[in-house]
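Coordinate inspection notes
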Number of protein chains: 2
Amino acid sequence: MGEKRSYGQYCTVARALDVVGERWTLLLVRELSTGPKRFKDLLEGLPGIGTNLLANRLKTLEGEGVVRRATLPPPAGSNVYELTALGRSLEPVIVALSRWGTRFLSVPREDDDLRAGWAAVAMRSVLGQGAAGGRPGTYEFRIDGEAFHLRVGAGEEGERVETRQGSAPDPDLVVVGDAETFLAVASGRLGPEEALESGAIRVEGERDEGQEALLAWYRHAIGPPAA
Amino acid sequence: MGEKRSYGQYCTVARALDVVGERWTLLLVRELSTGPKRFKDLLEGLPGIGTNLLANRLKTLEGEGVVRRATLPPPAGSNVYELTALGRSLEPVIVALSRWGTRFLSVPREDDDLRAGWAAVAMRSVLGQGAAGGRPGTYEFRIDGEAFHLRVGAGEEGERVETRQGSAPDPDLVVVGDAETFLAVASGRLGPEEALESGAIRVEGERDEGQEALLAWYRHAIGPPAA
DNA sequence: CGGAATCCTCTTCGATACTG
DNA sequence: CAGTATCGAAGAGGATTCCG
């Protein structure tokens, strides 16, 4: 039984792909990159994977130290899967793929699935491109009614960004919109100005100040349309 | 007939993987990342792929604008495959995977294949981590008798690095060694000092000055052992 | 509800042989 | 040398069932 297929190359890239190169695996990491999830949530976020394949991938990744099983603290108490430190260190891979994939996004195809979390991942991936000088802070996104927050910290080289599902306790800014709009903005297809003017994206709280801050942040983070 | 399998997700990561997520594809990009190659050379660098699969991948990637066919200028005149600009922009993906895969490298396994080019890719991927202040220049590596050169240019944010097969016309430094040693150094398993002292890696040209420069460069580029 | 196991069909892979 | 053709083996994927 599955003796673990390997490329059999003494090469850093091949070794990485031995672990995360199989079908679905990196998408599974993407799902967990915003926080722990139950088996059922993962199925929801990976339409078409099938329960057996998901279980297999999880088992393999757990064996390799990329994923870990955990139990959420009360009152939740659910069994979840989460990334280990090793798994979280795949972030640059996800970001690089996300940036590269942006140019293939165009518009949703017939039968394309769409999840709020994917828009959050896309938003995260367009950040931290500029060198220092970003705007550290916590930004909450409510995408199709689901909350995510991005913590932008001023690191040594470029910004350190973390995206997690759920509300932030102390957001500097709360932005509301739908997934397709956020993806359009992340891909550079829709300018933040137009998105705000048309009402496709709204800022909660003190409107004028918040809106100005968001625009400034967008402009810095996303930069000129489509790299 | 192969209607082109897709994850069917309106997501930047999934779209990227729709194009380069299949088995062998990113390794094929790795092979081409150091320069154009003939069909035969690609087979050599992807042991086990099978001619039909390689032909399929190349055709698909050509259709997607990642790879292009070209004819080398005389006197070579061979038909080769090379990356387009779109293909070259996959560099950050390869680098991210290579860095992540470094920790799985350890020592060659029984039956592991090993190619000089893979060591060059690994060397390239450990560069440009430090912020500005790197040492721009051209470094030639002769790995197992094969020549590669890395051009490090001082860019805006971090260094811009390009790796190509073949000799450089004007190398600032020529370093000679075998693939396994270079991979050990790239992975942080072997310090550059030890590698030079043991003679596993040699510097050509004016020894003392060159050796000092190489060491300084290594230290800056690679930094403290194993990030 | 969470997930493992089974069954069956289909596609892809991988190795070799064959052709322009 | 550069592919195409072929075919057995392995993996994907969808449904369904079983177990805690």
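The model shown is predicted, which means the values in this text are computed figures rather than measured ones. (Residues numbered from 1 in each chain as written. Chains lettered and ligands numbered in written order. Predicted model: local features only at pLDDT ≥ 70, side-chain atom pairs only at ≥ 80, totals over all residues. Heavy atoms only, no water.)

**Brief notes about the overall build of chain A**
Which entries qualify depends on this criterion: In this description a helix means any DSSP run of H or I spanning at least four residues, a strand means any run of E spanning at least two, and both kinds are numbered starting from the N terminus. The buried label goes to any residue with under 20% of its type's maximum accessible area, the exposed label to any with over 50%, and the partly exposed label to all in between, with areas taken from a 1.4 Å probe on protein chains only. Residues count as neighbours in contact if any of their non-hydrogen atoms are within 4.5 Å of one another. For accessible areas, the Shrake-Rupley method is used with a probe of radius 1.4 Å. Any residue's cover is judged against the shown protein chains and nothing else.
Per the secondary structure count, chain A includes 10 helices and seven strands. Counting across all 227 residues of chain A, residues that qualify as buried make up 49%. When contacts within chain A are restricted to residue pairs at least 6 apart in sequence, long-range pairs at least 24 apart make up 57% of them. With the model as given, the accessible surface of chain A reaches about 10500 Å², and the carbon-plus-sulfur share is 49%.

**Remarks on the side chain of R57 of chain A**
All names here are of chain A. What counts, and what does not: Any N or O atom pair separated by 3.5 Å or less is treated as a polar contact, with the protein-specific requirement of one donor-capable and one acceptor-capable atom, and with residues adjacent in sequence counted only for side-chain atom pairs.
Mapped onto the fold, R57 is located in helix α4 (residues 51-63). Among the polar contacts listed, one links the side chain of R57 to the side chain of T25, at a separation of 3.4 Å. Excluding residues that lie within four positions of it along the chain, R57 makes contacts with E22, R23, W24, T25 and L28.

**Remarks on the relation of the copies chain B and chain A**
As a reminder of what qualifies: Here the copies are superposed with least squares, the fitted atoms being C-alpha atoms of residues at a pLDDT of at least 70 in both.
After a rotation of 180° and a shift along the axis of 0.0 Å, chain B superposes on chain A with an RMSD of 0.0 Å. Such a combination of turn and shift is consistent with a two-fold rotation axis. Of every C-alpha in chain B, the one belonging to V93 of chain B sits nearest the axis of rotation, 3.0 Å from it. In this assembly the copies share their binding face: 100% of the residues contributing to the interface of chain B also contribute to that of chain A.

**Focus: the interface of chain B and chain A**
What counts, and what does not: Values labelled buried area give the accessible surface lost by two parts on being combined, using a 1.4 Å probe and summing over both. Here, a salt bridge means any Lys or Arg side-chain nitrogen found within 4 Å of an Asp or Glu carboxyl oxygen. Each residue receives one of three labels: charged for Asp, Glu, Lys and Arg, nonpolar for Ala, Val, Leu, Ile, Met, Phe, Trp, Tyr, Cys and Pro, and polar for the others, Gly being one of them.
Taken together, the 57 residues of chain B in the interface contact 57 residues of chain A. Summing the contributions of chain B and of chain A, the shared interface buries around 5000 Å²; its carbon and sulfur component is 65%. Linking chain B to chain A there are four salt bridges. Among the salt bridges present, the one from R109 of chain B reaches D18 of chain A, with a minimum N-O distance of 3.7 Å. Along the contact surface separating chain B from chain A lie 24 residue pairs in polar contact (both at pLDDT 80 or more). At the level of secondary structure, the elements contributing two or more residues to the side of chain B that touches chain A comprise α1 (12-20), α2 (25-32), α6 (91-101), α7 (116-125) and α8 (179-186) of chain B. Counting residues per element, the side of chain B that touches chain A draws most heavily on α1 of chain B, at nine residues. A breakdown of the residues in the side of chain B that touches chain A according to their chemical character gives 32 nonpolar, 12 polar and 13 charged.

**Focus on the protein's contact with DNA strand D**
Heads up, the rule is: Think of it this way: one heavy atom of a residue within 4 Å of a molecule or strand is enough to make that residue near it.
Taken together, 19 residues lie around DNA strand D, and W24 and R57 of chain A together with R5, T51 and Y81 of chain B are the ones closest in. Backbone atoms, meaning sugar and phosphate, form 79% of the atoms of DNA strand D found within 4 Å of the protein. At a separation of 2.5 Å, a phosphate oxygen of DNA strand D approaches a polar side-chain atom of W24 of chain A. Between DNA strand D and the protein, one listed contact pairs a phosphate oxygen with a side-chain N or O atom of R69 of chain B at 3.1 Å. Elements supplying a minimum of two residues to the surface near DNA strand D: α4 of chain A together with α3 (39-45), α4 (51-63) and β2 (79-83) of chain B. In the surface near DNA strand D, the residues fall into five nonpolar, six polar and eight charged.

**Notes on the side chain of E64 of chain B**
Residue and element names in this part refer to chain B. Inspection of the secondary structure assignment puts E64 in the loop between α4 and β1 (67-71). According to the relative accessible area criterion, E64 is buried, its value standing at 18%. Not counting chain neighbours up to four residues away, the residues in contact with E64 comprise K4, V19 and L86.

**Details of the domain arrangement of chain A**
Residues and elements named next belong to chain A. Put simply, the rule reads: Note that the domain bounds reflect an automated or database-derived domain assignment.
Splitting chain A by domain gives domain 1 (12-89) and domain 2 (109-222). The partner domain 2 presents seven residues to the 10 residues of domain 1 that form the contact. For the pairing of domain 1 and domain 2, the buried interface totals around 810 Å² over both sides, and the portion due to carbon and sulfur atoms is 49%. Put simply, E44 and R115 hold a salt bridge, and the shortest N to O gap is 3.4 Å. The tally of links between domain 1 and domain 2 comes to five residue pairs in polar contact (both at pLDDT 80 or more). Where the side of domain 1 that touches domain 2 is concerned, the elements lending two or more residues are α2 (25-32) and α3 (39-45). In terms of residue class, the side of domain 1 that touches domain 2 is built from two nonpolar, four polar and four charged.

**Topic: the protein's contact with DNA strand C**
Close to DNA strand C lie 17 residues, the nearest being R5 and F39 of chain A together with W24, N52 and R57 of chain B. Considering the 4 Å shell around the protein, atoms of DNA strand C inside it are sugar or phosphate in 69% of instances. Side-chain polar atom of W24 of chain B to a phosphate oxygen of DNA strand C: 2.6 Å apart, as the coordinates give it. No other element matches α4 of chain B, which puts four residues into the surface near DNA strand C.

**Some words on the packing of aromatic side chains**
Here is the rule: For Phe, Tyr and Trp, where Trp contributes only its six-membered ring, two rings pair if their centres lie within 6.5 Å, and the inter-plane angle classes them as stacked under 30 degrees, edge-to-face over 60, or tilted in between. A ring is scored as having a charge over it whenever the NZ atom of a lysine or the CZ atom of an arginine sits within 6 Å of its centre and within 35 degrees of its normal.
What the rule picks out here adds up to six aromatic pairs over all chains. On the numbers, 5.4 Å between centres and 75° between planes, the contact of F141 of chain A with F182 of chain A is edge-to-face. Here F141 of chain A is found in strand β3 (residues 137-143), whereas its partner F182 of chain A is found in helix α8 (residues 179-186), with 41 residues between them in sequence. The exposure classification of F141 of chain A matches that of F182 of chain A, with both residues buried. Over the ring of Y7 of chain A we find R23 of chain B; its NZ or CZ atom is 4.4 Å from the centre of that ring.

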